[in-house]
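Commentary on secondary and tertiary structure
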Amino acid sequence: MDTPKISRRGFLGGSAAAVASLALAACSSNSGEEKKEGEEKPFTPQTDFSETTGDKLKITTLSENTNTGHESLSAEFGFCALIELGDSKVLFDTAKKGDFIEHAQELHADIANTKMIVLSHAHYDHCGGLMKYLNMFDGKGRTLYLKDCFFDGATEKYYDDIAGQKLDFTDGTPGYFNIGIKFDQKDVEATGAKVEYMTGDSMELAPGITLYGNFVRNPLDPKMLIKNDKGEYIIDNFDEEVAISVETSKGIIVVSGCSHTGIENIVKAIKDRTGKDVYAVIGGFHLLDATEKQIQNSIDTFSGLGVSHMGVSHCIGEKAKKMFCEQLPDIAFVNTTGSVFEMK
């Protein structure tokens, strides 16, 4: 069997030998610079991954909070990715407002002929571009796949900002901020699109592509809330959250939107249910508000799971991103707007 060819665009260059020896230095600092004593070396993240394996898999991140290495694209808060396996295409999440549509055109990603759409959970930064997409390309012939409880309380999801941070969805003062969605099933169907619900733990979308849900997390994040009919703010258990697994010759690829139910929980659950090794994990890790100890626990967990590649994204937070890339330089890479993960 031929040795797999691996490259990381936007960072590596030079001869084939150089590429082979440096290909897995995913998030290392600038290798040509001498670090002076007491001086921190510049942090230079990796953004792309390509490997020759015989699989016809391509995951293009169309929108994410940052655009490192792809500055011609905008940095749109949220997450959106086009998953292609052979002839099957799935649009996974639609970010905040629909910039992914223009990004797809520049990246030559065929979202016009994508018939399957998945929304990972009911937050604006993962669902905000859906209606723009369906209205622009026509919903006829397209199916939106959701967990069966997706629309339960979907417009009444809130973030409790105790500290008064200035985030995309807060104004810098303490309070409750709505982070839910502004459409329902009727709005989707009015475009001609169908809505299909997953009622169990999993649903096959296409050969090799499966949707998973019913993830359990304990404890839940006390800052993520739903306002009930009585006007009370209660902790959101994210029953609607789903993730995707893609089968490859190296193992399964897990793609997650925000991982509110815990990225480790999601990956472990899919690994246990499939009985297969997890080769790569891509998407939001939701470690933005995590302590250093919690981040370290996550890193240690993934080190023990034997995951070969991790494309950290969106809600991971700068501290966690840096820790993952520094401690797992052969595994972690920064998955940003325009990033491509390819096994061809």
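Scroll up to find the structure.
First things first, this report covers the structure right here in the doc.

Regarding its fold elements, the protein presents 8 helices and 20 strands. Burial analysis of the protein (344 residues in total) assigns 54% to the buried set. For the protein, restricting intrachain contacts to residue pairs at least 6 apart in sequence, the fraction spanning at least 24 positions comes to 68%. In the form shown here, the protein has an accessible surface area of approximately 15000 Å², with 48% of it arising from carbon and sulfur atoms.

Paired through their backbone hydrogen bonds, the strands of a sheet run either parallel or antiparallel. Sheet architecture is open: 4 strands sit in the order β9-β8-β13-β14, paired in antiparallel fashion. The strands lining the two open edges of the sheet, one partner per strand, are β9 (175–178) and β14 (233–235). Across this sheet, the average inter-strand angle for adjacent strands is 45 degrees, counted without regard to direction. Of the pairings in the sheet, the one linking strand β13 (residues 224–227) to β14 comprises 3 bridges and is antiparallel in character. Residue pairing for β14: Lys-227 is matched across the bridge by Tyr-233.

Looking now at the environment of Leu-91. Topologically, Leu-91 is positioned in strand β5 (residues 88–92). Distance from Leu-91 to Thr-61, taken between C-alpha atoms, is 10.0 Å for residues 30 residues apart in sequence. Contacts of Leu-91, omitting those with residues within four sequence positions, involve Leu-62, Cys-80, Ala-81, Leu-82, Phe-100, Ile-111, Thr-114, Met-116, Ile-117, Val-118 and Tyr-133.

Calculation notes
Residues numbered from 1 in each chain as written. Predicted model: local features only at pLDDT ≥ 70, side-chain atom pairs only at ≥ 80, totals over all residues. Heavy atoms only, no water. Helix = DSSP H or I, 4+ residues; strand = E, 2+ residues; numbered from the N terminus. Buried < 20%, exposed > 50% of the residue type's maximum accessible area, 1.4 Å probe, protein only. Contact = heavy atoms within 4.5 Å. Areas by Shrake-Rupley, 256 points an atom, 1.4 Å probe, with all protein chains shown as cover. Pairing = 2+ DSSP bridges. Axes fitted to C-alpha atoms, helices over the stretch in contact; angles between N-to-C directions.

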